[in-house]
Amino acid sequence: MPSFDVVSELDWHEVTNAVDQANREITTRYDFKGVKAHYEIKDKKSVVMEAEAEPQLRQMSDILNQKLVSRGIDLKSLEKEDVIKGNMRASQAVKMKEGLETDEAKKIVKMIKDSKAKVQAQIQGDQLRVTGKKRDDLQQVMALLRGADLAQPVQFTNFRD
């Protein structure tokens, strides 16, 4: 039976490249002259931005978003945490969401069932397996999910015929 998996993954190589580009841009920008500001990746789960003031963090966030988008990373996979101030420094962590969350997976399953497509969808950990008798039905589900407004970006992997 034909099947495919719906996953939400990040290309960490591209995230690293985007963070490196953002760090390089900060060192050359005039409004960051003489300011100790940088980005750092923590445990392949988040990017931490550090600067001297909160307005600089907002600018850094814009720069990071721009670099991630140019590298093909969807901004829906970012989750900004609160700003932490102390010792004349401000920092903010940006969590990178990977894997389908259970609530989102249930929403996708309900969406597939409501579409009346002749497929079955089942949640398997942090991914979703969709199986059907015809390849056309699976492609119809893929088109449905591409056009849907989901809280996380999704990719389709492991397509079997």
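Read on for an overview of the structure. For clarity, every value in this text was computed on a predicted model and none was experimentally measured. (Residues numbered from 1 in each chain as written. Predicted model: local features only at pLDDT ≥ 70, side-chain atom pairs only at ≥ 80, totals over all residues. Heavy atoms only, no water.)

Notes on helix 4 (residues 135-147)
With 13 residues, helix 4 extends 19 Å from end C-alpha to end C-alpha; this agrees with the ideal 18 Å at 1.5 Å per step. For helix 4, the complete set of buried residues consists of D137, L138, V141, M142 and L145. One side of helix 4 holds all its buried residues, which, seen down the axis, span an arc of 145 degrees. Set apart from the buried face of helix 4 by more than 90 degrees, the exposed residues are D136, R146 and G147. In this structure, the buried side of helix 4 is in contact with strand 1 (3-7), helix 3 (102-114), strand 6 (119-124), strand 7 (127-132) and strand 8 (155-160). (Helix = DSSP H or I, 4+ residues; strand = E, 2+ residues; numbered from the N terminus. Expected span 1.5 Å × (residues − 1). Buried < 20%, exposed > 50% of the residue type's maximum accessible area, 1.4 Å probe, protein only. Arc of directions from axis to C-beta. Contact = heavy atoms within 4.5 Å.)

Concerning the environment of L64
If you trace the backbone, L64 turns up in helix 2 (residues 54-70). If we skip the residues at most four places from it in the chain, L64 touches V19, Y39 and V47.

Considering the sheet that holds strand 6
Here we have four strands laid out as an open sheet, ordered 6-7-1-8, and antiparallel in their pairing. Of all strands in the sheet, those with a lone pairing partner are strand 6 and strand 8, marking the two edges. Strand-to-strand twist of the sheet, defined as the mean angle between neighbouring strand axes without regard to direction, takes the value 20 degrees. This element, helix 3, spans strand 6 and strand 7 of the sheet and lies at about 175 degrees to strand 6. Packing of helix 4 onto the sheet brings it into contact with strand 1, strand 6, strand 7 and strand 8, and relative to strand 8 it is tilted by some 175 degrees. (Pairing = 2+ DSSP bridges. Axes fitted to C-alpha atoms, helices over the stretch in contact; angles between N-to-C directions.)

Regarding the pairing of strand 5 (residues 89-96)
Among the eight residues of strand 5, six are classified as buried, and the element is accordingly described as predominantly covered. Sheet topology note: the strand 3 (residues 46-51)/strand 5 ladder contains six bridges and is antiparallel. Counted as the bridge partner of V48 is A93 from strand 5. Bridge count for strand 4 (residues 78-86) against strand 5 is seven bridges, and the pairing is antiparallel. The partner of G86 across the bridge, within strand 5, is R89. Hairpin remark: strand 4 followed by strand 5, antiparallel, with two residues in the connecting loop; positive phi at N87, about 55 degrees.

Points about the packing of aromatic side chains
Applying the stated criterion across every chain, the model contains two aromatic pairs. Plain terms: the ring middles of F4 and F156 are 5.6 Å apart, the flat faces sit at 85 degrees to each other, and that makes the pair edge-to-face. Within this pair, whereas F4 is found in strand 1, its partner F156 is found in strand 8, the two being separated by 152 residues in sequence. The class of F4 is buried, set by a relative accessible area of 0%. Given the relative accessible area of 23%, F156 is considered partly exposed. Their ring planes at 20 degrees and their centres at 6.4 Å tell us that F4 and F159 sit as a pair that is stacked. On the criterion of sequence distance, the pair formed by F4 in strand 1 and F159 in strand 8 is long-range, its members being 155 residues apart. Through pairs of rings, three or more aromatic residues link up here, namely F4, F156 and F159. (Phe/Tyr/Trp six-rings, centres within 6.5 Å; stacked < 30°, edge-to-face > 60°.)

Just geometry here; none of it tells us what the structure is for.
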